[in-house]
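Structure at a glance
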Amino acid sequence: QVQLVESGGDLVQPGGSLRLSCAASGINFSIYAMCWYRQAPGKQRELVAGITVNGFANYADSVKGRFAISRDNAKKTVSLHMNRLKPDDAAVYYCYAQYSENYYWGQGTQVTVSS
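Sequence order sets the numbering: in each chain, residues are counted from 1 along the sequence as written. Thresholds applied to this predicted model are a pLDDT of at least 70 for local features of residues and 80 or more for the giving and counting of side-chain atom pairs; totals over whole chains, interfaces and linings are not thresholded and use all residues. Only hydrogens and water are set aside; all other atoms, that is, all heavy atoms of the structure, feed into the side-chain values.

**Here we look at the nonpolar core**
Buried Ala, Val, Leu, Ile, Met, Phe, Trp, Tyr and Cys residues form a nonpolar core when they are joined through side-chain atoms within 4.5 Å. Exposed residues in this analysis have more than 50% of their type's maximum accessible area, buried residues have under 20%, and partly exposed residues fall in between, with area computed by a 1.4 Å probe over protein chains only. Among the nonpolar cores identified, the biggest contains 29 residues, and Met34, Trp36, Val78, Leu80, Met82 and Tyr93 are the most heavily contacted of them. At the level of elements, strand E3 (18–25), strand E4 (33–39), strand E5 (46–51), strand E7 (67–72), strand E8 (77–82), strand E9 (91–99) and strand E11 (109–113) are the ones that each hand at least two residues to this core. Pairs of residues are marked as contacts when any of their non-hydrogen atoms sit within 4.5 Å. For Met82, the residues in contact, after removing those within four places along its chain, are Gly16, Ser17, Leu18, Leu20, Arg66, Phe67, Tyr93 and Val111. A run of H or I in DSSP becomes a helix once it reaches four residues, and a run of E becomes a strand once it reaches two; helices and strands are each numbered from the N terminus.

Shown next, in the form of structure tokens:
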């Protein structure tokens, strides 16, 4: 079956960095657009960053210049490098895969930003 497994969430101080990873299985990874979403308590889930099959990336305005998304089709992974983290970045981060009408979510990984 399809699995998207996130890892890397942690407690980090403001200004710190984290690297999230998502390992995919059960899909032809190279044809899927991959995204990272996040959801903070009491807020709607929002798109953080996405990367196309050709490696083109897009970002939410709130993370531009601080976050970077990348993918490794051979390893079937997508990563999110997060720098200069702010308390507002604290959320559960979800991996998302989409190809045509097929889409899948991971279970999420918690990122806490606090001193």
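**As for the pairing of E4**
With five of seven residues buried, E4 is to be regarded as a mostly interior element. Only strands that DSSP links by at least two bridges are regarded as paired with each other. In this sheet, E9 lies alongside E4 in antiparallel orientation, the contact comprising seven bridges. From the neighbouring strand, Arg38 faces E9, where its bridge partner is Tyr93. In the sheet, E4 pairs with E5 via five bridges, with the strands oriented antiparallel. Within E5, the residue paired with Met34 across the bridge is Ile51. Here E4 folds back onto E5, and the loop between the two strands holds six residues, one of which, Gly42, carries a positive phi near 80°.

**Remarks on the packing of aromatic side chains**
The criterion for an aromatic pair is that two Phe, Tyr or Trp rings (for Trp, the six-membered ring) have centres within 6.5 Å, with stacked assigned to planes under 30 degrees apart, edge-to-face to planes over 60 apart and tilted to the rest. Enumeration according to the criterion identifies seven aromatic pairs in this entry. Relative to Tyr104, the ring of Tyr32 has its centre 6.2 Å away and its plane inclined at 45°; by these criteria the two rings are tilted. Here Tyr32 is found in the loop between E3 and E4, whereas its partner Tyr104 is found in strand E10 (residues 102–105), with 72 residues between them in sequence. With relative accessibility at 6%, the residue Tyr32 sits in the buried group. Classification of Tyr104 as partly exposed rests on a relative accessible area of 27%. Here the aromatic residues Tyr37, Tyr94, Tyr96, Tyr103 and Trp105 are joined through ring pairs into a cluster of three or more.

**Focus: the sheet that holds E7**
Spatially, the four strands line up as an open sheet ordered E1-E3-E8-E7, and their pairing is antiparallel. Of all the strands in the sheet, just strand E1 (3–7) and E7 have a single pairing partner and so form its edges. Taken over all neighbouring pairs, the strand axes of this sheet differ in orientation by 15° on average, direction set aside. Every angle, taken between N-to-C directions, lies between 0 and 180 degrees, and every axis is a line fitted to C-alpha atoms, over only the stretch in contact when it is a helix.

**Examining a nonpolar patch on the surface**
The patches described consist of residues with a relative accessible area above 30% and no salt bridge, like charges being joined within 9 Å and nonpolar side chains (Val, Leu, Ile, Met, Phe, Trp, Tyr) within 5 Å. Only the protein chains shown count as covering a residue, and every accessible area follows the Shrake-Rupley method with a 1.4 Å probe. The term salt bridge refers to a side-chain nitrogen of Lys or Arg lying within 4 Å of a carboxyl oxygen of Asp or Glu. Taken together, the side chains of Ile31, Val53 and Tyr99 present a nonpolar region at the surface, about 230 Å² in accessible area. Relative to the elements of secondary structure, Ile31 occurs in the loop between E3 and E4. Judged by its relative accessible area of 33%, Ile31 falls in the partly exposed class.

**Quick look at the state of the cysteines**
Disulfides are defined in this document as cysteine sulfur pairs within 2.5 Å. Per the counting criterion, the structure on display carries one disulfide. Two residues share a disulfide in this structure: Cys22 and Cys95, whose sulfurs sit 2.1 Å from each other. Handedness here is read from the sign of the S-S torsion; for Cys22 and Cys95, about -80°, the answer is left-handed. Here Cys95 lies in strand E9 and Cys22 lies in strand E3, a separation of 73 residues in the sequence.

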